[in-house]
Every structure is written in C-alpha cells, then in structure tokens.
Amino acid sequence: MRAAVISTDANDSAVAGKYLAAEVRKSLSNSPGALVVFAAPQYDHQAMLSAIKNELPDTIVVGASSAGEFTNVTSGPGLACAMGLVGDDVVFSSSVGRNLKSDATAAAQEIASRFTSTAPAKFPFRAALVLADALAGHADILVDQLTIATAGQYQFFGGGAGDNAQFQKTTVFCGAEVMSDAAVALEILSSKPLGVGVSHGWTPASRAYRVTASDGMKMISLNGFPAIEVFEEHAEETHQNFDRKEPLPFFLHNIIGVDTGAEHRLRVPLAVDGEGAVVCAAEVPMGSVVRIMRTSTDSAVSAAKQAANAALHALGGPPAAALFFDCVATRLRMGDEFGLELSSLQERLSEVPLTGCNTHGQIARAEGQFSGFHNCTAVVCVFPE
C-alpha cells in the first residue's frame, strides 16, 4: 500500500478541495483508491467535496468535520487534511448508516450490509474506518452492533465528527454527500493486517460511585445524590476550583471513568442542568460503576506513544501510513502542550505519512485492545506497506 498526506488552510472551500485532490494524485502519481478527508467546521464541506469529486471522479471518499486537524508537518484547528491510499494489495468500499439517533442498530446493519460478503482469498484481513455524527448519540451501540453484524471479523477505528467543541452541528462525508445523524465507513480489505492501538493514560482519582439514574448522555444521580454534588465534593477534597456556571475548566481535568472490569472507558462531562444532572459527551449507563479520573501531560503523551507501539506491534511489519484520533477535550485541556503528543507520535513513526484530527469521541475495536466508543483516548491505526 502507498499513501500521501496533504493539508491546506486555503479559505475558499472549493479551492481547498481541488488542491487536496490534485496534490494527493501528484504525490502518488496516480488517483488514490480511497481518500480520507478531515475538514474544520468553517469550511463549506459540500463545495469542498464537489471539487474533490471533479478532480478524482473514481476515488472513494469518506471523511468528517473535525475539531482540530494535524499532519506530520502542521496542526490546526482550521485546516483541511486528506490522506490518499492506493495499492494492488488492498480493496476499498464505502457505506453509510442513517438515522443513527433513532435506531443505531439499524444504522450499523445498514453499514455492514454493504461490506464485502465474501472477501477474495488474497485479501484475508478486514478493517473499517468508521466516522459518526457523535451528536446523534448511540455511538457505543453503533460499535457494538457493527461488531455483531460482522461476526467480529473486522477491526474498527475512527471517531465522532467534530465542530471545535461547539456541539452544534457535526457532519460526516461519503462521496460528495454531507450528512448529519449518520455514520460512514471505509471498508478496507488487505493482504496484510492493519495495526490498531488504543490508550488513554487516565487513572482513578476518587472512590467508586454507582450511577443510580441516567438518561442517555445525562448522568442524573450517583449513589442516589445529584451527580453534580459528587464533583463539588471531589473539587473540595482535591483543592480545585469548581463553578457550576462555568464547569468545563474543571471537567476537562476531572472526567468520568466507567469501570469495565479490566479498564475504565472515559466520558467527558460538559455541562450541568438545573436539577444537578451532569451532561456528558457520550452515554453513561444506569447501574454502572464510575470514578472521577485524573491525568497529566506526561501521561497523555505516554498514552499516544503506547497506542502507536500497540498499533505497530499488531502490524508486524513496516508501516506505509498512520491515522491518529484523539479527543477535542484532550486538545482543550493540554493547549499548546498537545503538540508534545503529536511530536511523540512523529518520533515513533519517523517519516511515515501521518494525519488525523481531534474528534468528539473515538472508536476502536481490535484484537487484544480496549474496544468500544471512548472519550479522551488516543487511537492509532497504521497501514502496511
């Protein structure tokens, strides 16, 4: 497999799309079989995709709006980035699952129904990049149901479309179509395995609490008390400032870990409602055991490196390219120090073409890895040469 990564900060969306497509084709000396696009929310995504389609009419295109973009040589927010992939040892296809909010199971089945039912013998390894409108919710169900619908034969990696943490509108792309309330997938059938690595670097900072009431993304009560009281108590015990009217600065450093037995699946608190419920970036199941978690810059940098190491180990050979997803909350929490996380990946992956974005949640399912839909978690996928 061969890859090319291109980015632009051109203001005109059609110009940006044309540039990405033309430069990828030039770099590969050929039209790519697949093009993955991440574009900041200020772009006219429809105009960008139409320009790409004009330049690369036969290329499969998938992507999403993003919340901070990066490559080997630059990082956003405010960029449009593209990775082109081509090779005789790989086959691509795309699919869409709609109405994610009302029926995530049906959306997963719709995506899986368009996957290749019987892969050619020379392409035994199956994977898919999955990008979802995280504002529609139910991304956990989507990943679980994709696993069921594909009988566990696929590795999944990707994330939730972003809008720079405005949480107003996020979109996913397939071909020249821009969609909300949907998920898209790039199916990848390969003669060699892809490597996927997952790590988050957060550790428990509080005792365990039982979620005694919840409603989707709203965590209503813990141990029978309004959820916000637990955070206020934790702030007092750890000598941190907490303001109900402006809770996000505290929340970014004190997120929720849902105990899964072997690990903690992370959920970012975003806001407090008038009843003292805490609204999170993804669902927190009623009856689950949760803890308030903590991390550090060193831990976040180490987690990205661990994810890259796990992905390279699973690859078992030289990489041709890499995709990296991490949470917009991580970028907001770390500020300029998020560059240290990107630098650690670049050091580990050397000159390998790299792109990715900050997402509203991360998707991963891989053998021996911590699987599901995550917040504040580094996900790395490496493609084989």
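Residues numbered from 1 in each chain as written. Predicted model: local features only at pLDDT ≥ 70, side-chain atom pairs only at ≥ 80, totals over all residues. Heavy atoms only, no water.

Caption draft 1: Local environment of the overall build of the protein chain. Helix and strand content of the protein chain: nine helices and 26 strands. The C-alpha radius of gyration of the protein chain comes to 20 Å, within 12% of the 21 Å expected for a compact globule of 385 residues. With the C-alpha coordinates of the protein chain rotated into their principal frame, the extents come out at 60 × 40 × 35 Å. Looking at the 385 residues of the protein chain, the share that counts as buried comes to 56%. Partitioning the intrachain contacts of the protein chain with sequence separation of at least 6 by distance along the chain shows that 79% fall at a separation of at least 24. Here the protein chain has roughly 14800 Å² of accessible surface; of this, 48% comes from carbon and sulfur atoms. For the protein chain, the distance from the average site of its 26 positive side-chain charges to the average site of its 40 negative ones is 5 Å. (Helix = DSSP H or I, 4+ residues; strand = E, 2+ residues; numbered from the N terminus. Rg over C-alpha atoms; globule rule 2.2 N^0.38 Å. Buried < 20%, exposed > 50% of the residue type's maximum accessible area, 1.4 Å probe, protein only. Contact = heavy atoms within 4.5 Å. Areas by Shrake-Rupley, 256 points an atom, 1.4 Å probe, with all protein chains shown as cover. Lys, Arg positive; Asp, Glu negative; His and termini not counted. Charge placed at Lys NZ, Arg CZ, Asp CG, Glu CD.)

Caption draft 2: Local environment of the packing of helix α1 (residues 13-28) against helix α2 (residues 45-55). Their axes nearest at 7 Å, the elements α1 and α2 cross at an angle of 35°. Crossing of α1 over α2 shows right-handed handedness. For the pair formed by α1 and α2, the contact residues are S13, A14, A16, G17, K18, A21, A22 and R25 on the first element and A47, M48, A51, I52 and E55 on the second. (Axes fitted to C-alpha atoms, helices over the stretch in contact; angles between N-to-C directions. Left-handed = near helix turned anticlockwise from the far one by under 90°.)

Caption draft 3: Just the packing of helix α3 (residues 104-113) against helix α4 (residues 139-149), in detail. Interaxial distance between α3 and α4 falls to 8 Å at its minimum, and their mutual angle equals 45°. In terms of orientation, α3 lies oblique with respect to α4. Regarding α3 and α4, the two cross each other, and that crossing is right-handed. Between α3 and α4, the contacting residues are A104, T105, A107, A108, I111 and A112 on the first element and I141, L142, Q145, L146 and A149 on the second. A per-class count over the contact of α3 with α4 returns nine nonpolar, two polar and no charged. (Parallel < 35°, antiparallel > 145°, perpendicular 65-115°, else oblique. Nonpolar A, V, L, I, M, F, W, Y, C, P; charged D, E, K, R; others polar.)

Caption draft 4: Expanded view of unusual backbone geometry. Cis geometry is adopted by the peptide bond preceding P77, which originates at G76 and carries an omega value of 15°. By secondary structure assignment, the location of P77 is in the loop between β4 (69-71) and β5 (80-86). Positive phi, normally seen in glycine, also occurs at A151, with a value near 55°. Its place among the elements puts A151 in the loop between α4 and β8 (155-160). Note on A151: relative accessible area 61%, which makes it exposed. Although it is not a glycine, S350 adopts a positive phi angle of roughly 55°. For S350, the location among the structural elements is in the loop between α9 (338-349) and β23 (354-359).

Caption draft 5: Expanded view of the side chain of S199. Looking at the element boundaries, S199 is found in strand β12 (residues 195-199). When its relative accessible area of 13% is taken as the criterion, S199 is described as buried. There is a polar contact of 3.2 Å between the side chain of S199 and the side chain of Q306. If we ignore the near neighbours within four places in the chain, the residues touching S199 are A303, Q306, A307, T377 and A378. (Polar contact = N/O pair within 3.5 Å; in protein donor to acceptor, adjacent residues only side chain to side chain.)

Caption draft 6: Geometry of the sheet that holds strand β22 (residues 319-327). Ordered by their spatial adjacency, five strands build an open sheet running β4-β23-β22-β26-β12, and the pairing between neighbours is mixed. One side of each edge strand has no neighbouring strand; the edge strands of this open sheet are β4 and β12. This sheet shows a mean twist of 15° between the axes of neighbouring strands, independent of strand direction. As judged from the five bridges shared by β12 and strand β26 (residues 378-384), these two strands associate in the antiparallel manner. Each bridged residue has a counterpart across the sheet, and for V198 the counterpart in β26 is V379. Running over the sheet, helix α7 (residues 297-315) touches β12, β22 and β26 and is turned about 155° from β12. (Pairing = 2+ DSSP bridges.)

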